[in-house]
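Remarks on the overall topology
Listed below, chain by chain, are the residues.
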Amino acid sequence: MKLTEKQLEQIRAQIRRLKKCGNPFYTERFKDFNPDDIKTQEDFEKLPFCSKQDLRDAYPLGLASVPEEEIVRIHSSSGTTGKPVIIPYTKKDVEDWAIMFARCYEMAGITTKDRIQVTPGYGLWTAGIGFQAGCERLGAMCIPMGPGNTEKQLQMMQDMKSTVICATSSYALLLAEQVEQRGLKGKICLKKGIIGSERWSEKMRQRIASILGIELFDIYGLTECYGPGIGINLPGEEGMRIFDDYVYVEILDPETGKPVEEGQTGEITLTTFVKEGAPLIRFRTHDLAAFIPRAKDDPCPYPRITQIMGRSDDMVKIKGNIIFPSSIEEVIREVPGTSSEYRAEIEHVDGKDEITIFVECELGTDRAELALLMQMKCKSKFNLTPKIKVVGEGELPRSEKKTKRIDDRRF
């Protein structure tokens, strides 16, 4: 998507501010760039990329571009693969984030009459407090449960007559299965689910929606860029609308860093127009998606991208073949009798790489036949034959947070 003149001016203004703020991180990054020279899309695309490692190297508050007395909050990434990233927020950043999140709820058809049960985590993670702030901005009732304690989640869902559930897809599935197993379907009032934080397959989506009888929405965001709430899908629409009055989206070839053709998959790269505490210019997220071409009669002003197809750093290479979690999900979707849940383990045994896929099956399915068909489909798609272990529905571990789909044990 091409930058408008208004967006180009916002970027020029942002870089002017960053060059004056005195922060070494930004001073070094933009020392060779005159903001007034950024007049076209091509000029913008000459600006340097920003990576997760750049942000880690700035730990703890090296990203702050405002005086400390203007910082009202910090949030942090998990830091599971290295130093955590600390993101400072000003009062305006917090307000802008709440505005975007409230917009997400409104676009999903949620009103002040709804009761929103928030199950993602609070604290340094951006999720829980983001869902709550958007809810309060909208004026709906928030039930701030936080993660875990499924027994209490289900009890409050019934007692408070929650109409909206906010969760990771993994926890939404766990809750749905518990509702089904305990025969609670007639005792809950859920109508919609706002789901984020991890990609999920179409089978998983259908299973959650079918059990709970609710309409599901994909919400997008990441700690480095406000948090969840910078985009969501419209009712009945595939993909997600990104709020380009706050965030500019590029879809780039992960290897070359060049824009891909509209409709082609690439890496989401984000630039914040008005963020104050820790602005991002061309931040490479590793999330993979594609732009969806705009229909002529499309009334929504925001650009649309596909659901997140995976992450470039989720890729594993086995015997010369590149595999993403989404690749395995495509195979599962084509095999009758499979449920939505799977895990893959990769090991190096006797000088060879081996992959084992654990997959759940529906009741009454011929497991031997399912395993054989899975192997055939994998052979056709990946040019390798994995071991397939079929288990019953509900036998693979469930998660209250995110689910790790591929466990690479070779390193």
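You'll find the structure just up there.
Calculation criteria
- Residues numbered from 1 in each chain as written.
- Predicted model: local features only at pLDDT ≥ 70, side-chain atom pairs only at ≥ 80, totals over all residues.
- Heavy atoms only, no water.
- Helix = DSSP H or I, 4+ residues; strand = E, 2+ residues; numbered from the N terminus.
- Rg over C-alpha atoms; globule rule 2.2 N^0.38 Å.
- Buried < 20%, exposed > 50% of the residue type's maximum accessible area, 1.4 Å probe, protein only.
- Contact = heavy atoms within 4.5 Å.
- Areas by Shrake-Rupley, 256 points an atom, 1.4 Å probe, with all protein chains shown as cover.
- Lys, Arg positive; Asp, Glu negative; His and termini not counted.
- Charge placed at Lys NZ, Arg CZ, Asp CG, Glu CD.
- Axes fitted to C-alpha atoms, helices over the stretch in contact; angles between N-to-C directions.
- Parallel < 35°, antiparallel > 145°, perpendicular 65-115°, else oblique.
- Left-handed = near helix turned anticlockwise from the far one by under 90°.
- Nonpolar A, V, L, I, M, F, W, Y, C, P; charged D, E, K, R; others polar.
- 1 Å grid on protein atoms, 1.4 Å probe; cavity = no way out; pocket = protein on both sides within 12 Å on 5 of 7 lines; lining within 4 Å.
- Points joined across faces, edges and corners; volume = space filled by probe spheres on them.
- Pairing = 2+ DSSP bridges.
- Right-handed = clockwise from strand over helix to strand, strands pointing away.
- Salt bridge = Lys/Arg side-chain N within 4 Å of Asp/Glu carboxyl O.
- Core = buried A, V, L, I, M, F, W, Y, C linked by side-chain atoms within 4.5 Å.
- Arc of directions from axis to C-beta.
- Phe/Tyr/Trp six-rings, centres within 6.5 Å; stacked < 30°, edge-to-face > 60°.
- Lys NZ or Arg CZ within 6 Å of the ring centre and 35° of its normal.

A short note on the overall build of the protein
Broken down by element type, the protein carries 11 helices and 20 strands. A compact globule built from 411 residues should have a C-alpha radius of gyration of about 22 Å, and the protein, at 22 Å, falls within 12% of that. If you line up the protein on its principal axes, its C-alpha atoms span 65 × 55 × 45 Å. Expressed as a percentage of its 411 residues, the buried residues of the protein come to 55%. In the protein, once contacts between residues fewer than 6 apart in sequence are set aside, the share between residues at least 24 apart is 65%. When the accessible surface of the protein is totalled, it reaches about 18,600 Å², and 50% of it is carbon and sulfur. Side-chain charges of the protein comprise 59 positive and 63 negative groups, with the mean position of each set lying 1 Å from the other.

Some points on the packing of helix 10 (residues 325-334) against helix 11 (residues 367-382)
As a packed pair, helix 10 and helix 11 sit with axes 10 Å apart at the nearest point and diverge in direction by 135°. By the angle between their axes, helix 10 is oblique relative to helix 11. Relative to helix 11, the crossing made by helix 10 is right-handed. For the pair helix 10 and helix 11, contact is made by Ser327, Ile328, Glu330, Val331, Ile332 and Glu334 and by Met374, Lys377, Cys378, Lys381 and Phe382, respectively. For the contact of helix 10 with helix 11, the residue count by class is six nonpolar, one polar and four charged.

Regarding the layout of surface pockets
Within this model, the second largest pocket holds a volume of roughly 630 Å³. Contributing to the lining of the second largest pocket are 28 residues, with Trp200, Glu202, Arg205, Glu238 and Gln307 lying nearest its centre. Taken together, the elements giving at least two residues each to the lining of the second largest pocket come down to helix 9 (202-212), strand 7 (215-222) and helix 10. Residues of the lining of the second largest pocket, tallied by class, amount to 10 nonpolar, eight polar and 10 charged.

Brief notes about the pairing of strand 5 (residues 164-167)
Where burial is concerned, the two faces of strand 5 agree: the one with Val164 and Cys166 and the one with Ile165 and Ala167 are both buried. Examined bridge by bridge, strand 3 (residues 115-118) and strand 5 share three bridges and lie parallel to one another. Bridge assignment links Ile116 to a residue of strand 5, and that residue is Val164. One crossover worth recording links strand 5 to the parallel strand 6 (residues 192-195) by way of helix 8 (residues 169-181), and it is right-handed.

Some thoughts on the pattern of salt bridges
The full count for this structure, using the stated rule, is 33 salt bridges. Across the pair Glu330 and Lys381 runs a salt bridge whose closest N-O atoms are separated by 2.6 Å. Here Glu330 is found in helix 10, whereas its partner Lys381 is found in helix 11, with 51 residues between them in sequence. Assessed through its relative accessible area of 28%, Glu330 is described here as partly exposed. Owing to a relative accessible area of 41%, Lys381 belongs among the partly exposed residues under this scheme. Here Glu345 and Arg409 are joined by a salt bridge, their closest N and O atoms 3.2 Å apart. Taken together, the residues Glu345 in strand 17 (residues 338-349) and Arg409 in the segment after strand 20 (406-408) connect sequence positions 64 residues apart. Its relative accessible area of 22% is what places Glu345 among the partly exposed residues.

Let's talk about the nonpolar core
Across soluble globular proteins, nonpolar side chains show a tendency to be buried alongside one another. By size, the foremost hydrophobic cluster in this structure holds 69 residues, and its most contacted members are Leu63, Tyr105, Ile116, Phe131, Ile194 and Ile268. Broken down by element, this core gets its largest block of residues, eight residues, from helix 5 (residues 91-107). Residue contacts for Leu63: discarding those within four places in its chain leaves Asn23, Phe25, Tyr26, Leu55, Ala58, Val85, Ile86, Ile87, Pro88, Gly277 and Ala278. Counting residues in each nonpolar core, the second largest holds 23 residues, with Ile346, Cys361, Leu370 and Ile388 among its members.

Focus on helix 7 (residues 150-159)
Of the residues making up helix 7, those classed as buried are Thr150, Gln153, Leu154, Met157 and Gln158. The buried residues of helix 7 occupy an angular sector of 130° when projected down its axis, which confines them to one face.

Observations concerning the packing of aromatic side chains
Counted by the stated rule, this structure contains seven aromatic pairs. Aromatic side chains Phe25 and Tyr26 sit 5.0 Å apart centroid to centroid with 90° between the ring planes, which places their arrangement in the edge-to-face category. The burial state of Phe25 is the same as that of Tyr26; both residues are buried. A cation over a ring is seen here: Arg103 above Phe243, with NZ or CZ 4.7 Å from the ring centre. Directly above the ring of Tyr89 sits Lys275, whose terminal nitrogen or CZ lies 4.6 Å from the centroid.

Looking at the pairing of strand 3
Note that strand 3 and strand 4 (residues 141-144) share four bridges and pair parallel. Paired with Ile116 across the two strands is Cys142, which belongs to strand 4. In terms of handedness, the path from strand 3 via helix 6 (residues 127-138) over to strand 4 forms a crossover that is right-handed.

Overview of the environment of Phe101
Mapped onto the elements of the fold, Phe101 is located in helix 5. It is 7.1 Å that separates the C-alpha atoms of Phe101 and Gly130, two residues lying 29 residues apart in sequence.

Looking at the sheet that holds strand 8 (residues 225-232)
The strands making up a sheet associate through backbone hydrogen bonding, with each pair oriented either parallel or antiparallel. As summarised here, the arrangement of the eight strands in space is 4-3-5-6-7-8-9-13, forming an open sheet in which the pairing is mixed. Across the chains shown, the open sheet's two edge strands, defined by having one partner strand only, are strand 4 and strand 13 (304-305).

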